[in-house]
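A closer look at the structure
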Amino acid sequence: MTRKKLIAANWKMNKTPLETKEYLDSFSKPKDVDVILFVPYTSLHLQTSIILGAQNMYFEESGAFTGEISPSMLKDIGCNYVLIGHSDRRHIFNETDEDINNKIKIALKHNFKIIFCVGETAKERQNKKTEKVIEKQLESGLKDVPSLKNISIAYEPVWAISRGDSNTKPATKEDAEEAHKLIRDLIKKSYDEKTAEKIRIIYGGSVKPKNAKDILKMNNIDGALVGNASLDPKSFSDICNS
Ligand code: PGA
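Everything in this summary refers to the structure shown in the same document.

1. Some details on the overall build of the protein chain
- Of regular secondary structure, the protein chain possesses 10 helices and 8 strands.
- For the protein chain, whose C-alpha radius of gyration is 17 Å, the value lies close to the compact-globule estimate of 18 Å for 242 residues.
- Seen along its three principal axes, the alpha-carbon backbone of the protein chain occupies a region of about 45 × 45 × 35 Å.
- In the protein chain, buried positions account for 53% of the 242 residues.
- In the protein chain, of all internal contacts separated by at least 6 residues, the share reaching a separation of at least 24 is 70%.
- With 38 positive and 34 negative side-chain charges, the protein chain shows a separation of 3 Å between the mean positions of the two kinds.

Structural data, given as structure tokens:
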């Protein structure tokens with residue numbers, strides 16, 4: 001089965017609405033790939049032909065949750081895409097697998113399309129725990145989720161995420177492919193072959209114009225989630241066209 005490539009940008013806490021507008025004005029929509037920009041909440045209302053998504057969302061409908069944002073608030077401004085379980089959320093904001101599962105369930109209830117992130121830390125990889133960690137993140141994150149129709153998965157090894165440091169190295173394409181294959185096999189086991197064949201599994205962690213083509217050509221890699229290199233429209237556009 002051929003899966004259409006999905007190239008997503010995760011801007012994290014970067015760009016004001018004005019800067020976002022300038023970016024959108026100079027970014028031309030690439031053909032033949034799906035593109036989503038996960039921008040800060042304050043830019044989600046901007047009118048554009050590019051799909052904009054939220055980087056997070058709370059798992060309650062409303063209430064005393066100071067500083068959080070609800071699914072209906074996002075829907076009301078036309079946002080239909082959400083990133084869930086990014087490693088910054090897991091490791092800086094202590095989001096647990098259970099929080100992530102609750103977010104996925106409420107997002108599906110509100111008909112969002114989701115990119116669900118998983119990935120091991122450097123220490124877990126050194127201790128040969130990569131498979132176990134990914135399996136647990138998938139199993140817990142997708143608990144009581146009957147269909148993956150609206151979900152894509154991002155494999156983001158934490159040690160390969162640049163966090164703004166352009167010297168960070170991505171996973172080798174072979175290591176990334178191995179993890180993606182593992183994820184697809186686990187999905188086949190928990191769901192079925194058709195679901196596993198259909199779901200897009202994208203890679204994130206130091207993807208840049210110079211390495212994108214190499215990574216994207218692997219069998220089980222269906223796209224990329226790009227942080228640092230997505231902040232410049234030219235560099236992101238080069239990645240989209242790789
Ligand atoms: P990076 O970030 O491309 O800067 O490594 C990826 C991510 O955190 O999603």
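2. A short note on the packing of aromatic side chains
- If you walk through the whole model with that rule in mind, you get 6 aromatic pairs.
- Between the aromatic rings of Tyr 155 and Tyr 203, the centroid separation amounts to 6.4 Å while the plane-to-plane angle is 50 degrees, which identifies the pairing as tilted. Here Tyr 203 lies in strand β7 (residues 201-204) and Tyr 155 lies in strand β6 (residues 151-155), a separation of 48 residues in the sequence.
- Its end group placed over the ring of Trp 11, Lys 15 keeps NZ or CZ at 5.5 Å from the ring centre.

3. Brief notes about helix α1 (residues 17-26)
- Residues Thr 20, Tyr 23 and Leu 24 constitute the buried set of α1. Projection of α1 onto a plane perpendicular to its axis shows the buried side chains occupying an angular sector of 95 degrees, all on one side. Away from the buried face of α1 by more than 90 degrees, exposed residues Leu 18 and Asp 25 are located.
- Along its buried surface, α1 packs onto β2 (34-38) and α10 (233-240).

4. Looking at the pairing of strand β5 (residues 113-118)
- Taken across its 6 residues, β5 has 5 buried, putting it largely inside the fold.
- In this structure, strand β4 (residues 81-84) lies alongside β5, joined through 4 bridges in parallel fashion. Of the residues in β5, the one forming a bridge with Ile 84 is Phe 116.

5. A few points about the site of the ligand
- Neighbouring the ligand are 13 residues; Lys 12, His 86, Glu 156, Ser 162 and Ser 206 lie closest to it.
- In the model, an oxygen atom of the ligand is placed 2.7 Å from a nitrogen or oxygen of the Glu 156 side chain.
- Residue Ser 206 places a main-chain N or O atom 2.8 Å away from an oxygen atom belonging to the ligand.
- For the ligand, whose free accessible area comes to 280 Å², the fraction covered by protein is 99%.
- A per-class count over the shell around the ligand returns 4 nonpolar, 7 polar and 2 charged.

6. Comments concerning the sheet that holds β4
- Ordered by their spatial adjacency, 8 strands build an open sheet running β3-β2-β1-β8-β7-β6-β5-β4, and the pairing between neighbours is parallel. In this open sheet, the two strands that pair with only one neighbour each are β3 (51-53) and β4. Geometrically, the sheet is characterised by an average inter-axis angle of 25 degrees between neighbouring strands, direction not taken into account.

7. Considering the nonpolar core
- Residues Leu 37, Phe 116, Ile 153 and Phe 236 are the most contacted members of the largest nonpolar core, which totals 63 residues.
- Broken down by element, the residue count for this core peaks at 6 residues, all from helix α7 (residues 173-190).
- Discounting chain neighbours no more than four positions away, the residues touching Ile 153 are Phe 116, Val 118, Leu 138, Ile 183, Ile 187, Ile 199, Arg 200, Ile 201 and Ile 202.
- Counting 11 residues, the second largest nonpolar core, distinct from the first, contains Ile 36, Tyr 81, Leu 83 and Ile 202.

8. A short note on the packing of helix α9 (residues 209-216) against α10
- Following both chains from N to C, one finds α9 and α10 inclined at 20 degrees, their axes separated by 8 Å at the closest point. With respect to α10, the axis of α9 lies roughly parallel. Of the two possible hands of crossing, α9 and α10 adopt the one that is right-handed. Contacts between α9 and α10 involve Pro 209, Ala 212 and Leu 216 on the former and, on the latter, Ser 235, Asp 238 and Ile 239.
- Among the residues making up the contact of α9 with α10, the classes are represented as 4 nonpolar, 1 polar and 1 charged.

Conventions used here
- The numbering scheme is per chain: residues are counted from 1 as the chain's sequence reads.
- Totals for whole chains, interfaces and linings use every residue, but because this is a predicted model, local features are given only for residues with pLDDT of at least 70 and side-chain atom pairs only at 80 or more, for both listing and counting.
- Note that water and hydrogens are dropped before the side-chain values are worked out from all heavy atoms of the structure.
- By the criteria applied, helices consist of DSSP H or I runs no shorter than four residues and strands consist of E runs no shorter than two, each listed in order from the N terminus.
- Radius of gyration here is computed from C-alpha atoms only, and the compact-globule reference equals 2.2 Å multiplied by the residue count raised to the power 0.38.
- Classification of residues uses two cut-offs on accessible area relative to the type maximum, computed with a 1.4 Å probe and protein chains only: under 20% is buried, over 50% is exposed, and between them is partly exposed.
- Residue contacts are counted whenever heavy atoms from the two residues lie within 4.5 Å of one another.
- His is not counted, nor are the chain ends; Lys and Arg add positive charge and Asp and Glu add negative charge.
- For this purpose, a charge sits on NZ of Lys, CZ of Arg, CG of Asp or CD of Glu.
- Here is the rule: rings of Phe, Tyr and Trp (six-membered ring for Trp) pair when centre to centre is within 6.5 Å. Planes less than 30 degrees apart are stacked, more than 60 are edge-to-face, and the remainder are tilted.
- Note on geometry: a ring has a charge over it if NZ (lysine) or CZ (arginine) is within 6 Å of the ring centre and within 35 degrees of the ring normal.
- An arc is given here, and it is the one of the directions from the helix axis to the C-beta atoms.
- Here a strand pair is declared whenever DSSP counts at least two bridges between the two strands.
- Any residue with at least one heavy atom within 4 Å of a molecule or strand is counted as near it.
- Identification of polar contacts relies on pairs of N or O atoms within 3.5 Å, with a donor-acceptor requirement for protein atoms, meaning one able to donate a hydrogen and the other able to accept it, and with residues adjacent in sequence counted only if both atoms are side-chain atoms.
- Note that accessible areas follow from Shrake-Rupley with a 1.4 Å probe, and for residues the cover is restricted to the protein chains shown.
- Three classes are used: nonpolar for Ala, Val, Leu, Ile, Met, Phe, Trp, Tyr, Cys and Pro, charged for Asp, Glu, Lys and Arg, and polar for all others, with Gly counted as polar.
- Inter-axis angles, ranging from 0 to 180 degrees, are taken between N-to-C directions of lines fitted to C-alpha atoms, where helices are fitted over the stretch in contact.
- Residues belong to a common nonpolar core when they are buried Ala, Val, Leu, Ile, Met, Phe, Trp, Tyr or Cys residues joined through side-chain atoms within 4.5 Å.
- Here the word oblique covers every angle except those under 35 degrees (roughly parallel), over 145 (roughly antiparallel) and from 65 to 115 (roughly perpendicular).
- For any pair of crossing helices, the crossing counts as left-handed if the nearer helix is rotated counterclockwise from the farther one by less than a right angle, and right-handed if it is rotated clockwise.

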